[in-house]
Amino acid sequence: MLALATIGFALNFWGWALLSPLGPRFKDDLGLSSFEQSLLVAVPVVVGSLGRIPVGALTDRFGGRVMFPLVSAATIVPILYLGLAGHSSLAALLVGGFFLGIGGTAFAVGVPFVSAWFPPERRGLANGVFGVGMGGTALGALTTVKLVEAGSMATPFLITAGVLALYAVTAALLLRDAPGRTVPTESLVRRMAATARLPLTWQASALYAVVFGGFVAFSVYLPTYLKTGYGLTQADAADRMAGFVLLAVAMRPVGGWLSDRLGPVRVLAGSLAVVIAGAVVQAFSPALMPVGTIAFLSVAAALGAGSGATFALVALLAPANKVGAITGVVGAAGGLGGFLPPLVMGALYGAYGTYAIGLALLAVVAGAALVLTLTGVRAAARGGGTGGRETGKGQGGRGDGGRLTARAGSTGRAESTARAGSGGPPG
């Protein structure tokens, strides 16, 4: 089930990221400004992010067995539109990009699906492995431009649509939800309102907006940055972006694994410190080899590990019947965190002819997230988490210097609501 979910995540993210590698090409062919190019690659990100909120709540209700095939099939439609007819103008690309955002919602399906299959002490690693699926963006970076050059503009879109169709059928036949999965009985509106009242929701959202948002922002804007700032060719810039993505992807399960052993708070703090250092170094526009490359790869590793640690925190402390809803909100925050930086970077470069200000802003935002981690998040972890029970009592984890350990209650009541199938707080 973990393998099927990870593959589905990767394929949907591949489709979701098809426009990013072609951004410089569309800019040249259609005469787009830097801001218009940034808007083009950012639209699927924001739609895919906001769409995670209802999709996550629907996954709590209907399960991954229904939602994975549904999201995958729906993503095929805008992919075919963009490949066959929707790439002749900016307006057409924006329409296609809007609906392409559906592919980005697959993340909110996978986290609750995977979490239900694993005990609390293994969820950090399990969700980290699932997070490897974000490497689907690397598939797009490595293949899209080459497929267009070898065939036509439609080629990468047709291939991706065909693979997604095959996966949708396979998932419909093989996926199974975890036995004893907690199915909420409340209405969608009441569940979302209850989710919004949990401090864990907003703490994790703020952190994920920085770590995963940073990953998304670099994955969609790095080709433009490298081509404009360092004069690289489109293909070379896309290949380097793929390297950035692959390292971040590889570090996500490492971040989850470390969180299972050291605690998510410590992993997040270390990751954010590395992001700050890398952004400060790159703000001075060093030579790409070796300093710039080292700075970017360090940031990639830190963002990947931090993303894994954030969902280790969520999977451990979230009520069992609200994992999908919380994942949707947190995932939306992460995607939205990736929406604004490309627009800001494009606007600042257009106004000042430098990326230094944008990178300095990244360091400031990461610094604020580090402060939050070492204060509010650490206090919540030491108190046993914010999501164990809505009453604030009997949380599902116990903090020890930032380390979280799941504990089962001595009575028949579910003190550890992170246990798969054990049920969350009363409906």
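The structure contained in this document is the topic of the report that follows. (Residues numbered from 1 in each chain as written. Predicted model: local features only at pLDDT ≥ 70, side-chain atom pairs only at ≥ 80, totals over all residues. Heavy atoms only, no water.)

Turning our attention to the overall build of the chain. The helix and strand inventory of the chain stands at 17 helices and two strands. Within the chain, the fraction of its 427 residues that count as buried is 58%. The contacts in the chain between residues at least 6 apart in sequence include a share of 80% that link residues at least 24 apart. Only carbon and sulfur atoms are counted for the fraction: they give 69% of the accessible area of the chain, which is about 15,100 Å². (Helix = DSSP H or I, 4+ residues; strand = E, 2+ residues; numbered from the N terminus. Buried < 20%, exposed > 50% of the residue type's maximum accessible area, 1.4 Å probe, protein only. Contact = heavy atoms within 4.5 Å. Areas by Shrake-Rupley, 256 points an atom, 1.4 Å probe, with all protein chains shown as cover.)

The next subject is the side chain of Gln 282. By secondary structure assignment, the location of Gln 282 is in helix 14 (residues 264-283). Classification of Gln 282 as buried rests on a relative accessible area of 2%. Residue contacts for Gln 282: discarding those within four places in its chain leaves Tyr 225, Tyr 230, Gly 292, Ala 295, Phe 296 and Leu 359.

Going through the model one piece at a time under the given rule, you end up with four salt bridges. Here Asp 29 ties to Arg 25 by a salt bridge, and the two come within 3.9 Å at their closest N and O atoms. On the criterion of helical spacing, the pair formed by Asp 29 and Arg 25 is a turn pair, its members being four residues apart in helix 2 (residues 23-30). For Asp 29, a relative accessible area of 54% corresponds to the exposed category. The salt bridge partner of Arg 240 is Asp 236, with a shortest N-O separation of 3.2 Å. (Salt bridge = Lys/Arg side-chain N within 4 Å of Asp/Glu carboxyl O.)

It is worth spelling out helix 3 (residues 34-50) at this point. Compared with an ideal rise of 1.5 Å per residue, which puts 17 residues at 24 Å, helix 3 spans 24 Å between its outermost C-alpha atoms and is within 8% of the ideal. Its maximal kink placed at Ala 42, helix 3 deviates by approximately 35°, while the proline Pro 44 follows within four residues. With 12 of its 17 residues buried, helix 3 lies for the most part within the structure. Buried residues belonging to helix 3 abut helix 1 (2-16), helix 2, helix 4 (52-62), helix 6 (90-100), helix 12 (199-230) and helix 16 (323-352). (Expected span 1.5 Å × (residues − 1). Bend = angle between axes of the 7 residues up to and from the residue.)

With that out of the way, let us pick up the packing of aromatic side chains. Each pair of aromatic rings is reported with the distance of its centres and the angle of its planes. Per the stated rule, a full pass over the model turns up 21 aromatic pairs. Judged by centre distance (4.5 Å) and plane angle (65°), the rings of Phe 9 and Phe 13 are edge-to-face. Of this pair, Phe 9 and Phe 13 both sit in helix 1, separated by four residues, roughly a single helical turn. Given the relative accessible area of 0%, Phe 9 is considered buried. On the basis of relative accessibility, which here comes to 0%, the residue Phe 13 falls in the buried class. Considering the side-chain rings of Phe 9 and Phe 107, the 5.7 Å spacing of their centres and the 45° angle between planes classify their relative orientation as tilted. Of the two residues, Phe 9 is situated in helix 1 and Phe 107 in helix 7 (residues 106-115); the sequence distance between them amounts to 98 residues. This pair shows no difference in class: Phe 9 is buried, exactly as Phe 107 is. Sitting over the face of the ring of Phe 62, Arg 61 holds its NZ or CZ atom 5.3 Å from the ring centroid. (Phe/Tyr/Trp six-rings, centres within 6.5 Å; stacked < 30°, edge-to-face > 60°. Lys NZ or Arg CZ within 6 Å of the ring centre and 35° of its normal.)

Here the focus is the nonpolar core. The biggest cluster of nonpolar side chains holds 111 residues, and the ones touching the most others in it are Phe 215, Phe 218, Tyr 225 and Phe 244. The dominant element in this core, judged by the number of residues it contributes, is helix 12, at 15 residues. Those residues in contact with Phe 215 that lie beyond four places of it in its chain are Met 134, Thr 137, Phe 244, Val 245, Ala 248 and Leu 303. (Core = buried A, V, L, I, M, F, W, Y, C linked by side-chain atoms within 4.5 Å.)

Between helix 12 and helix 13 (residues 234-262), whose axes approach to 7 Å, the crossing angle comes to 165°. Between helix 12 and helix 13, the crossing angle belongs to the class labelled roughly antiparallel. Between helix 12 and helix 13 lies a crossing whose hand is right-handed. Side by side, helix 12 and helix 13 meet where Tyr 208, Phe 212, Phe 215, Phe 218, Ser 219, Leu 222, Pro 223, Leu 226 and Lys 227 of the first sit next to Ala 237, Arg 240, Met 241, Phe 244, Val 245, Ala 248 and Arg 252 of the second. Among the residues forming the contact of helix 12 with helix 13, the class breakdown is 12 nonpolar, one polar and three charged. (Axes fitted to C-alpha atoms, helices over the stretch in contact; angles between N-to-C directions. Parallel < 35°, antiparallel > 145°, perpendicular 65-115°, else oblique. Left-handed = near helix turned anticlockwise from the far one by under 90°. Nonpolar A, V, L, I, M, F, W, Y, C, P; charged D, E, K, R; others polar.)

On to the environment of Trp 14, then. Along the polypeptide, Trp 14 turns up in helix 1. Given the relative accessible area of 10%, Trp 14 is considered buried. The spatial distance from the C-alpha of Trp 14 to the C-alpha of Leu 139 is 6.1 Å, given a sequence separation of 125 residues. Residues contacting Trp 14, with those up to four places away along its chain left out, are Gly 136, Leu 139, Gly 140, Thr 143, Ile 159, Thr 160 and Val 163.

Right, let's talk about the packing of helix 12 against helix 17 (residues 356-382) for a bit. Relative orientation of the contacting elements helix 12 and helix 17 amounts to 155°, with a least axis distance of 9 Å. The angle between the axes of helix 12 and helix 17 places the two elements in the roughly antiparallel class. In this structure, helix 12 meets helix 17 at a crossing whose hand is left-handed. Counting all contacts with helix 12, which are made through Gln 203, Ala 206, Leu 207, Val 210, Phe 218 and Tyr 225, the residues of helix 17 involved are Leu 359, Leu 362, Val 365, Ala 366, Ala 369, Leu 372, Thr 373, Gly 376, Val 377 and Ala 380.

Turning our attention to a nonpolar patch on the surface. On the surface, Leu 340, Val 344, Tyr 352, Ile 357 and Leu 361 cluster together into a nonpolar patch covering about 470 Å² of accessible area. Every element with two or more residues in the nonpolar patch is listed here: helix 16 and helix 17. With three residues, helix 16 is the single largest residue contributor to the nonpolar patch. With respect to the secondary-structure elements, Ile 357 resides in helix 17. On the accessibility criterion, Ile 357 (37% relative accessible area) is partly exposed. (Patch = residues over 30% accessible without salt bridge, like charges linked within 9 Å, V, L, I, M, F, W, Y side chains within 5 Å.)

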